[in-house]
Amino acid sequence: MEDSQTLISPTDLVGDRVRGLQEYAPEPLGETAQRLGLPPESLIKADANENPYGPTPAALRALAAYDSYHRYPDPVSRRLAARIAEYVGVPQEHILVANGSDELIDLILRLFRPGRNGGGIAEIIDCPPTFGMYSFYGATNDMSVVSVPRLEDYQLDMQGIAAICSDQRPRILFAASPNNPDGRLLDSDSLNALLGLPLLVVLDEAYVEFAACSRSTWVPERENLIVLRTFSKWAGLAGLRVGYGIFPSALMPSLWRLKSPYNVNGPAQTAALATLESADEALARVRRIVSDREAFYLRLEGISGLRVFPSQANYIMCTLQSGTLAELKEHMEARGILLRYYGQGRLESTLRISVDTPERNETIACALAEFVAGARTR
Ligand SMILES: Cc1ncc(COP(=O)(O)O)c(C=O)c1O
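Residues numbered from 1 in each chain as written. Predicted model: local features only at pLDDT ≥ 70, side-chain atom pairs only at ≥ 80, totals over all residues. Heavy atoms only, no water.

Another aspect to go through is the overall build of the chain. Of the regular secondary structure elements, the chain holds 14 helices and 13 strands. Taking 2.2 N^0.38 as the reference for a compact globule, 378 residues should give roughly 21 Å; the C-alpha atoms of the chain span a radius of gyration of 22 Å, in line with that estimate. Summarising its shape, the C-alpha atoms of the chain cover approximately 70 × 65 × 50 Å along the three principal directions. Within the chain, the fraction of its 378 residues that count as buried is 49%. Of the charged side chains in the chain, 37 are positive and 46 negative; the average position of the first set lies 2 Å away from that of the second. (Helix = DSSP H or I, 4+ residues; strand = E, 2+ residues; numbered from the N terminus. Rg over C-alpha atoms; globule rule 2.2 N^0.38 Å. Buried < 20%, exposed > 50% of the residue type's maximum accessible area, 1.4 Å probe, protein only. Lys, Arg positive; Asp, Glu negative; His and termini not counted. Charge placed at Lys NZ, Arg CZ, Asp CG, Glu CD.)

Okay, structure coming up:
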């Protein structure tokens, strides 16, 4: 081969915004099991707010019967969108189905990011502690991310948000309700107040089935509200990646133009549709998780040395009053228990536990109680 001198160095040309990002690569379960020297089936995976019961029997049957792997899926998920419209109680013209709600966060930001000739929306408002993908996709879309931290009790800082908006420049605000990690709902007065500001409000209701209080039906009445929902949590389909947005209908033509053609694969559409056709099965499991959450909350609250936060979602946030998160992680992992540990800034001593089956919740509570008792006497 001839000795050739390349004229560019691609790695040096990677954009600055990418250099500053952290790779999101949680350890796969098989590797965790290997690292801990435990069989994978013995692990209690309570770190990602997944559904311990998995997909419904109807969804599994539909997947087993699926025979169109060689065909491209419906690019606009028609049948699924029609069912979603019935399920959420808004006309189908407001619904766009996507590859998880993550894809929709990115899509919304791509829709509004300023073009070469200006226009668009240059800034998003992020209200931490919250789901990390808002600021992540804000950064990857070259938008400025303005942080308005939540108050001590995890409510939005409405005064802080209003102060930023006083210059009347348009911004996109993301708010999860229930919020991740604390599990608190956004109240209607606050949502109304946000909608009265020069904001496009994206209300992320990934966990709303566990709270039974969706604002999806507000969308047709509001020009500046988008609601995001997903099949990952209540329907046990996190691995198939199906989310959807309820958008003001005026935005839909632009969204259809922008979205990737085959963003939701065939099996995912089929399983989500089957879930909705027998939604009672999935919602019965949701009710079980909610009642287990309440029992788990009381159990955790009884452990002195833990501060426990009431939650409307399928997880419970706690803070540790003695010992460190690193020590706790070691203690729990030795018992095959995986939780979500935060450990930075305001979340220095904070962990989040996904609600699992009653037996596994009890195993988690016992291991936590043991750790806290030991930490207090050390
Ligand atoms: C608040 C919130 N929104 C969205 C998501 C992502 O949902 P999906 O699996 O539909 O991308 C999560 C996942 O943990 C979440 O916590």
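That covers the picture; the talk isn't over yet.
Let's shift gears to the pairing of strand S3 (residues 123–126). The two faces of S3 match: Glu123 and Ile125 on one face and Ile124 and Asp126 on the other face are all buried. Where S3 and strand S4 (residues 144–147) come together, 4 bridges link them in parallel fashion. Opposite Ile124, over in S4, you have Val145 as the bridge partner. Note that the unit made of S3, helix H7 (residues 133–140) and S4 has a crossover that is right-handed. (Pairing = 2+ DSSP bridges. Right-handed = clockwise from strand over helix to strand, strands pointing away.)

Here we take up helix H6 (residues 100–112). Counted residue by residue, H6 has 10 buried out of 13 residues, so it is predominantly covered. Buried within H6 we find Gly100, Ser101, Glu103, Leu104, Ile105, Asp106, Leu107, Ile108, Leu109 and Phe112.

This brings us to the layout of surface pockets. One number sums up the size of the second largest pocket: a volume of about 350 Å³. In terms of lining residues, the second largest pocket is bounded by 21 residues, among which Lys45, Glu50, Asn51, Pro52 and Gly54 are the most central. Broken down by class, the residue content of the lining of the second largest pocket amounts to 10 nonpolar, 6 polar and 5 charged. Both domains that furnish three or more residues to the lining of the second largest pocket are identified here as domain 1 (10–53 + 281–377) and domain 2 (57–278). (1 Å grid on protein atoms, 1.4 Å probe; cavity = no way out; pocket = protein on both sides within 12 Å on 5 of 7 lines; lining within 4 Å. Points joined across faces, edges and corners; volume = space filled by probe spheres on them. Nonpolar A, V, L, I, M, F, W, Y, C, P; charged D, E, K, R; others polar. Domains from an automatic or database assignment.)

In this section: the environment of Arg288. Within the secondary structure, Arg288 sits in helix H12 (residues 279–301). On a C-alpha basis, the gap between Arg288 and Phe210 in space is 9.8 Å, while along the polypeptide they are 78 residues apart.

This paragraph deals with the domain arrangement of the chain. Where interface size is quoted, it is often the accessible area lost as the parts come together. Structurally, the chain comprises domain 1 (10–53 + 281–377) and domain 2 (57–278). The straight-line distance from the C-alpha centre of domain 1 to that of domain 2 is 25 Å. Every contact between the two is made by 25 residues of domain 1 and, on the other side, 30 residues of domain 2. Across the interface of domain 1 and domain 2, roughly 2,400 Å² is buried in total on both sides, 58% from carbon and sulfur atoms. For domain 1, the biggest contributors to the area lost against domain 2 are Glu281, Gln312 and Arg346; these three give 25% of the whole. Between the two partners, domain 1 and domain 2, sit 1 salt bridge. Between Arg17 and Asp142 there is a salt bridge; the shortest N-O distance is 3.2 Å. (Contact = heavy atoms within 4.5 Å. Buried area = accessible area lost by both parts, 1.4 Å probe. Salt bridge = Lys/Arg side-chain N within 4 Å of Asp/Glu carboxyl O.)

As a further point, take the nonpolar core. Residues Ile95, Ile161, Phe231, Leu300, Ile353, Ile364 and Leu368 are the most contacted members of the largest nonpolar core, which totals 79 residues. With 7 residues, the top contributor of residues to this core is helix H14 (residues 358–377). Inspection of this core shows a minimum of three residues originating in each of domain 1 (10–53 + 281–377) and domain 2 (57–278). Those residues within four positions of Ile364 in sequence are excluded, and the remaining contacts are Ile44, Ala46, Phe296, Met332, Ile337, Leu339 and Ile353. (Core = buried A, V, L, I, M, F, W, Y, C linked by side-chain atoms within 4.5 Å.)

Going from Pro128 to Pro129, the amide bond is cis rather than trans, its omega being 0°. Along the chain, Pro129 turns up in the loop between S3 and H7. For the peptide bond that leads from Ser177 to Pro178, omega is 0°, which places it in the cis range. Along the polypeptide, Pro178 turns up in the loop between strand S5 (171–176) and helix H9 (188–195). Of note, the phi angle at Ser77 is positive, near 45°, even though the residue is not glycine. By the secondary structure assignment, Ser77 is in the loop between helix H4 (57–65) and helix H5 (78–88).

A few words now on the site of the ligand. Taken together, 13 residues form the shell around the ligand, and within it Ser101, Asp204, Tyr207, Thr230 and Ser232 come nearest. Contact distances for the ligand include 3.1 Å between an oxygen atom and a backbone N or O atom of Asp102. Relative to its unbound accessible surface of 400 Å², the ligand loses 92% to contact with the protein. A total of 3 residues in the shell around the ligand trace back to one element, the largest contributor, which is H6. By residue class, the composition of the shell around the ligand is 4 nonpolar, 5 polar and 4 charged. (Near = heavy atom within 4 Å. Polar contact = N/O pair within 3.5 Å; in protein donor to acceptor, adjacent residues only side chain to side chain. Areas by Shrake-Rupley, 256 points an atom, 1.4 Å probe, with all protein chains shown as cover.)

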